[in-house]
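# Per-entry structural report
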Amino acid sequence: MKKPARTNHQIHDLLTHRWSPRAFSDRMVEEKKILAMLEAARWAPSSFNEQPWSFIIATKDNPEEYERLLNCLTEGNIRWAKFAPLLMISVAKLIFERDGKPNRHAFHDVGLAVGNLVIQARHLGLHVHQMAGIHVDKIRETYKVPETHEPVAAIAIGYYGELDQLTEDLRKRELAERARKPLEQFVFSGQWDRPHDLVKK
Ligand SMILES: Cc1cc2nc3c(=O)[nH]c(=O)nc-3n(C[C@H](O)[C@H](O)[C@H](O)COP(=O)(O)O)c2cc1C
C-alpha cells in the first residue's frame, strides 16, 4: 500500500513516499539494513557535535528482549506495533559532555538523527512509525536509563504487511487521508504569524 504526500511543490521521492503505517509484515529486517539505518542516524548534525542520541533496540528474533521493549509502549500502540519486527526507543542526553550544562537542543538533535534513519529506511524499502505513546518511567526502570538522559520516543520499523491484519478501527486509520497545514500557517516574516509573501496563496 502507498500513501504518497499530495505536495504543492516537488520534493524528493523518499519524502513523498514516507508515511507511518501500522500493518507491518513479520518479515525480518536484514542486519545490514538495521546497521545502515543506525549509521544514517549516526551522521546527523547536532549542536556542538554532541550527538546526544542513543537507541535501545530489539528484534523479534530475540522474543524475550522484544517483549520487554514492546511492553514499554502504551496499549494503543502495542495493538499494531507488535507486528513490527524491529522496535527502538530513542533516548536524549540532556546535558553536554563538554561542561555538564543543559543541552537545550538535545531533543532537536535526536529528532534529526531519527529523521536520517527514517529516510534511510525508505531508501531500503522499509517503513517507520514513531510513537510518543511510551511509558517513560518503565523504560527508565527496565533499561536503567541514567537521570541525565530522557527517553524520547519509540520507533517501529519493518516492511509493509497486509491491510487485512488490522482490526477495523486501525484499518480506518491506515486508510485515512494524510493532511498537512499549508506553508502560510507556519512560515513567517517580519512578525510572528505574518506569512512571508513567498508562501501567501
Ligand atoms: C514524535 C512522534 C510521536 C508519535 N506518536 C505516535 C503514537 O504514539 N501513536 C501513533 O499511532 N502514531 C504516532 N506518531 C505518528 C504520527 O501520528 C504521524 O507521523 C502523523 O499523523 C503524520 O502521518 P504520516 O507520518 O503518515 O505522514 C508519532 C509521530 C512522531 C514523529
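Being a predicted model, the structure only gives us computed values, none of them experimental. (Residues numbered from 1 in each chain as written. Predicted model: local features only at pLDDT ≥ 70, side-chain atom pairs only at ≥ 80, totals over all residues. Heavy atoms only, no water.)

## Some remarks on the pattern of salt bridges
Applying the stated criterion to the full structure yields 10 salt bridges. In this structure, the salt-bridge partner of Glu174 is Arg22, at a minimum N-O distance of 3.8 Å. With Glu174 in helix 7 (residues 168–175) and Arg22 in the loop between helix 1 (13–16) and helix 2 (31–42), this residue pair connects regions lying 152 residues apart in the sequence. Each member of the pair, Glu174 together with Arg22, is buried. (Salt bridge = Lys/Arg side-chain N within 4 Å of Asp/Glu carboxyl O. Helix = DSSP H or I, 4+ residues; strand = E, 2+ residues; numbered from the N terminus. Buried < 20%, exposed > 50% of the residue type's maximum accessible area, 1.4 Å probe, protein only.)

## Remarks on helix 2
Counted at 1.5 Å a residue, the expected span for helix 2 with its 12 residues is 16 Å, and the 16 Å between its end C-alpha atoms agrees. All of the buried residues in helix 2 are Lys33, Ile34, Met37, Ala40 and Ala41. All buried residues of helix 2 lie within an arc of 125° about the axis, which places them on one face of the element. Seen from the buried face of helix 2, the exposed residues on the opposite side, beyond 90 degrees, are Glu31, Lys32 and Leu35. Among the structural elements, strand 1 (53–59), strand 2 (86–93), helix 5 (106–123) and strand 4 (149–158) are those in contact with the buried residues of helix 2. (Expected span 1.5 Å × (residues − 1). Arc of directions from axis to C-beta. Contact = heavy atoms within 4.5 Å.)

## Focus on the site of the ligand
Among the 14 residues in the neighbourhood of the ligand, the closest are listed as Ser20, His129, Ala132, Arg178 and Arg180. Within the side chain of Arg18, one N or O atom sits 2.9 Å away from an oxygen atom of the ligand. Within the side chain of Asn77, one N or O atom sits 2.8 Å away from a nitrogen atom of the ligand. Considered on its own, the ligand offers 620 Å² of accessible surface; in the complex 62% of this is hidden by protein. Sorting the residues of the shell around the ligand by element identifies helix 4 (75–81) and strand 3 (127–131) as the ones contributing at least two each. The leading source of residues in the shell around the ligand is strand 3, at three residues. Here the shell around the ligand is built from residues that sort into four nonpolar, five polar and five charged. (Near = heavy atom within 4 Å. Polar contact = N/O pair within 3.5 Å; in protein donor to acceptor, adjacent residues only side chain to side chain. Areas by Shrake-Rupley, 256 points an atom, 1.4 Å probe, with all protein chains shown as cover. Nonpolar A, V, L, I, M, F, W, Y, C, P; charged D, E, K, R; others polar.)

By themselves these figures say nothing about function.
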